[in-house]
There are 2 protein chains.
Amino acid sequence: MGERMIYERIALIGLGHIAGSIGLRVRADGTAGEVVGHARTQATREVAVARGLVDRTCATAAEAVAGADLVILCVPVGAMADVAAEIAPHLAPGATVTDVGSVKRAVIEAVTPHIPEGVHFVPSHPMAGTEQSGPESGFPTLFENRWFLMTAEGADADAVERLGRLWRSLGANVDTMDADHHDLVLAVVSHAPHLIAYTMVGVADDLRRVTESEIVQYSATGFRDFTRIAASDPTMWRDIFLNNKEATLEILGRFTEELFALQRAIRTGDGALLHDYFTRTRAIRRGIIEAGQDTAAPDFGRGPKGGDA
Amino acid sequence: MGERMIYERIALIGLGHIAGSIGLRVRADGTAGEVVGHARTQATREVAVARGLVDRTCATAAEAVAGADLVILCVPVGAMADVAAEIAPHLAPGATVTDVGSVKRAVIEAVTPHIPEGVHFVPSHPMAGTEQSGPESGFPTLFENRWFLMTAEGADADAVERLGRLWRSLGANVDTMDADHHDLVLAVVSHAPHLIAYTMVGVADDLRRVTESEIVQYSATGFRDFTRIAASDPTMWRDIFLNNKEATLEILGRFTEELFALQRAIRTGDGALLHDYFTRTRAIRRGIIEAGQDTAAPDFGRGPKGGDA
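Described in the following lines is the structure provided in the data block.

A separate point is the overall build of chain A. In terms of regular secondary structure, chain A is built from twelve helices and nine strands. In summary, chain A has a C-alpha radius of gyration of 21 Å against a globular reference of 19 Å for 309 residues, a match within 12%. Dimensions of chain A, computed from C-alpha atoms along their principal axes, come out at roughly 65 × 40 × 35 Å. For chain A, the proportion of its 309 residues judged to be buried stands at 61%.

This is the structure:
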């Protein structure tokens, strides 16, 4: 095993945005002896080979996991149970199975029953990605300075340590979190905001008195960010909402309550309430910039995205 | 008058983000003989001179507009009426008064009664800006490829033409629009999205079971864009909501209705409805990219914003 090698063979099940970014980086760094991939369609498998996301592909997930010491499930959350059932009989003894799902409790419930004795399941979530999807969209620096969360309650300590080592080599900051808490935090910082963005874009599209060309033409401010979020993969997001139902609905309930209070302030002309509220939210932004999760560089509302100016 | 000169003297009332960007560009291009500015605080006036936003400043708006053939009101929408009343007796005959407010009907009602005979008022809205504010934040390319909308019903044709020429020289695409329609379009593409972003950030901040440090730390996806929007100037946005009340409340009503439908789909597990909805909103994004208002380059969810990768 080479000095930098962490796994002998990694199997990527699903070859979309996240899997592609993992494969490109692992192969560039030599952190695995071999990267094997599976995707359902031949077209995706061909792109994966052509772009060098993997060393080789297999037509079935079962073949792909054979002999792998790390299996990464990179399919939508709703497909995890079926994939786990399919690969279970073919997993190598001592192998680690992990996933990249944005929801953890539901994935644990879907996958755990299928994991054979002697195989280690480490549920995980790399908090990275763009609004793009598919095998063409990954890139090797996707995980740089992003969070990789493991919900590793009761998982094998060696398996957790080794998986963490891999993700640090991908550039991620590795941490662990309880699955239910993970799902609540994600409902706040990701799932509810996505549903809200989808909704606002849908409203704009529905409105008869504002034409679609006007929406498109004048989308510079605010709304443009919503459309970017609302361009994310429909299957992935359908599955996230259906599998993080309670936390998402709880946050949306709180959101609606708060929105109604602000609407009432607008209706009654309560400028002081609005000003106080907007001053408070501004302070949160400063915290995020200080935490290094974004820069103070303004978004100039034009392409290429901001960084050019 | 120099070949490039469009106005002999431009007076900027208010020296924030928009005024600063105008001043820097006009002075660099020589499209005005002189740029005079006024801001209420001496500190702002000093920054404006130090950064070269203007040639000189005046302690009062009345002094600043004296002898100017173009006066641009760059104050929050709620301050327009008072400023118009103050400057009215000092406006030069034949001068053009314009503004940069994000709401047009309320500004027309606030300013028009004060405009003396022989002075031309051309209500306007440059659709540009970042979440930053203040005299330090402007830059001369802010308006490049952005829209400049005039709600010029009944305004003097020569004044409209000349003002359009200035804004084209600033890099903007110039168009005209009816004031009420402008306010509705802006409610959709900007005002409602901003209130929604403010609300979501406020909810996150309120939530006791998710700590502030978690929100800050894990704000990479979706929420990060909301915090950027929610960092916008509180006074400016308070005034926008209070002065575009009806259109904003109408759009928020439609938004809530739609959000409830999606929440119900999540609760009942209607994956087909969610998938169809998210597929439709994705198509709108493509339209915006095709219209050149954003690029397909993904937002990599890290600083510096996207453009670096």
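We are not done yet, so read on.
We now examine the relation of the copies chain B and chain A. Here chain B sits on chain A after a turn of 180 degrees about the axis and a move of 0.0 Å along it, with an RMSD of 0.0 Å. On the angle and the small slide along the axis, the relation comes out as a two-fold axis. Most of the interface of chain B is mirrored in chain A, where 100% of its interface residues again form contacts.

One pass over the full model with this rule turns up 28 salt bridges over all chains. Connected through shared salt-bridge partners, A:Arg9, A:Glu34 and A:Arg56 make up one network.

Hydrogen bonds between backbone groups are what pair the strands of a sheet, and the pairing can be parallel or antiparallel. Residue and element names in this part refer to chain B. Taken in spatial order, the six strands make up an open sheet running S3-S2-S1-S4-S5-S6, and their pairing is parallel. Two strands bound the open sheet, and with one partner strand each, they are strand S3 (56-58) and strand S6 (120-122). Here the average twist between neighbouring strands, direction ignored, is 25 degrees. Running at roughly 80 degrees to strand S1 (residues 7-13), helix H6 (residues 157-169) makes contact with S1, strand S4 (70-73), strand S5 (96-99) and S6 of the sheet.

Let's shift gears to the interface of chain B and chain A. At the interface, 114 residues of chain B touch 115 residues of chain A. For the pairing of chain B and chain A, the buried interface totals around 10700 Å² over both sides, and the portion due to carbon and sulfur atoms is 66%. Taken together, the connections running from chain B to chain A amount to two salt bridges. Measuring nitrogen to oxygen at the nearest pair gives 2.5 Å for the salt bridge that ties B:Asp205 to A:Arg280. The interface formed by chain B and chain A includes 20 residue pairs in polar contact (both at pLDDT 80 or more). Listing elements by their share of the side of chain B that touches chain A, those giving two or more residues are strand S8 (147-150), helix H7 (179-206), helix H8 (212-217), helix H9 (223-229), helix H10 (234-243), helix H11 (245-268) and helix H12 (271-290) of chain B. Top contributing element to the side of chain B that touches chain A by residue count: H7(B), with 20 residues. When the residues that make up the side of chain B that touches chain A are grouped by side-chain class, the tally is 55 nonpolar, 33 polar and 26 charged.

Residue and element names in this part refer to chain B. Strand order in the open sheet formed by three strands is S7-S8-S9, and the pairing between neighbours is mixed. Of all the strands in the sheet, just strand S7 (124-127) and strand S9 (173-176) have a single pairing partner and so form its edges. Averaged over all adjacent pairs, the angle separating strand axes in this sheet is 20 degrees, with direction ignored. Note that S7 and S8 share four bridges and pair antiparallel. Note that in S8 the partner of methionine 127 across the bridge is tryptophan 147.

Moving on to the packing of aromatic side chains. Taken as a whole and assessed by the stated rule, the structure comprises 14 aromatic pairs over all chains. Ring geometry for A:Phe148 versus A:Trp167: centroids 4.2 Å apart, planes at 10 degrees, classification stacked. In this pair, A:Phe148 sits in strand S8 (residues 147-150) while A:Trp167 sits in helix H6 (residues 157-169), placing the two residues 19 residues apart along the sequence. Each member of the pair A:Phe148 and A:Trp167 is classed as buried. Ring plane angle 40 degrees and centroid distance 5.6 Å describe the contact between B:Trp237 and B:Phe241, whose orientation is recorded as tilted. Of the two residues, B:Trp237 and B:Phe241 both sit in helix H10, four residues apart, roughly one turn of that helix. As far as burial versus exposure is concerned, B:Trp237 and B:Phe241 are alike and both buried. An aromatic cluster of at least three residues, connected via ring pairs, comprises A:Tyr198, A:Trp237, A:Phe241 and B:Phe278.

Let us now look at the nonpolar core. Core analysis: the largest hydrophobic core is formed by 140 residues, its most contacted members being A:Val71 and B:Val71. In contact with B:Val71, not counting residues within four places along its chain, are B:Ala11, B:Ile13, B:Val65, B:Ile87, B:Leu91, B:Thr96, B:Val97 and B:Thr98.

Looking now at the environment of A:Leu163. Residue and element names in this part refer to chain A. Looking at the secondary structure, you find leucine 163 in helix H6. In sequence terms leucine 163 and phenylalanine 241 are 78 residues apart; their C-alpha atoms lie 27 Å from each other. Excluding residues within four positions of it along the chain, leucine 163 makes contact with Tyr7, Leu70, Thr98, Val122, Ser124, Phe148 and Met150.

The side chains of a regular strand alternate, residue by residue, between the two faces of the sheet. Residue and element names in this part refer to chain A. Of all the seven residues making up strand S2 (residues 32-38), six are buried; the element is thus mostly covered by neighbouring parts of the structure. Where strand S1 (residues 7-13) meets S2, six bridges bridge the pair, whose relative direction is parallel. Within the sheet, the bridge partner assigned to tyrosine 7 lies in S2 and is alanine 32. With respect to chirality, the unit in which S1 leads through helix H1 (residues 17-29) into the neighbouring parallel S2 is right-handed. Judged from the three bridges that link them, S2 and strand S3 (residues 56-58) form a sheet pairing that is parallel.

The rules behind the values
Residue positions are counted from 1 within each chain, in the order its sequence is given. Chain letters start at A and ligand numbers start at 1, both assigned in the order the entries are written. Selection of residues for local features in this predicted model requires a pLDDT of at least 70, selection of side-chain atom pairs for listing and counting requires 80 or more, and totals for whole chains, interfaces and linings are taken over all residues. As a convention, hydrogens and water are excluded, and side-chain values are obtained from all of the structure's heavy atoms. Only runs of H or I of at least four residues qualify as helices and only runs of E of at least two qualify as strands under DSSP, and these elements are numbered from the N terminus. C-alpha atoms define the radius of gyration in this analysis, and the globule rule sets the expected value at 2.2 Å times the number of residues to the power 0.38. The rule is simple: take the accessible area with a 1.4 Å probe, protein chains only, and divide by the maximum for that residue type; under 20% is buried, over 50% is exposed, in between is partly exposed. The superposition of copies rests on a least-squares fit of C-alpha positions from residues with pLDDT of 70 or more in both. Contacts between residues were defined by any pair of non-hydrogen atoms, one from each residue, lying within 4.5 Å. Any Lys or Arg side-chain nitrogen located within 4 Å of an Asp or Glu carboxyl oxygen qualifies as a salt bridge. A pair of strands counts as paired when DSSP detects no fewer than two bridges linking them. Between the N-to-C directions of two axes lies an angle of 0 to 180 degrees, each axis being a line fitted to C-alpha atoms and, for a helix, fitted only over the stretch in contact. Here the quantity called buried area is the total loss of accessible area, with a 1.4 Å probe, experienced by two parts when brought into contact, counted for both. Pairing of N or O atoms within 3.5 Å defines a polar contact, subject to two protein rules: one partner must be a possible hydrogen donor and the other a possible acceptor, and residues neighboring in sequence count only if both atoms are side-chain atoms. Asp, Glu, Lys and Arg are counted as charged, while Ala, Val, Leu, Ile, Met, Phe, Trp, Tyr, Cys and Pro are counted as nonpolar; the rest, among them Gly, fall into the polar class. A pair of Phe, Tyr and Trp rings is counted when the ring centres sit within 6.5 Å of each other, with Trp represented by its six-membered ring. The angle between the planes then sorts it: under 30 degrees is stacked, over 60 is edge-to-face, the rest tilted. Note on terminology: a nonpolar core comprises buried Ala, Val, Leu, Ile, Met, Phe, Trp, Tyr and Cys residues joined through side-chain atoms within 4.5 Å. A right-handed crossover is one whose linking path, passing over the helix from the first strand to the second, runs clockwise when the strands point away from the viewer.

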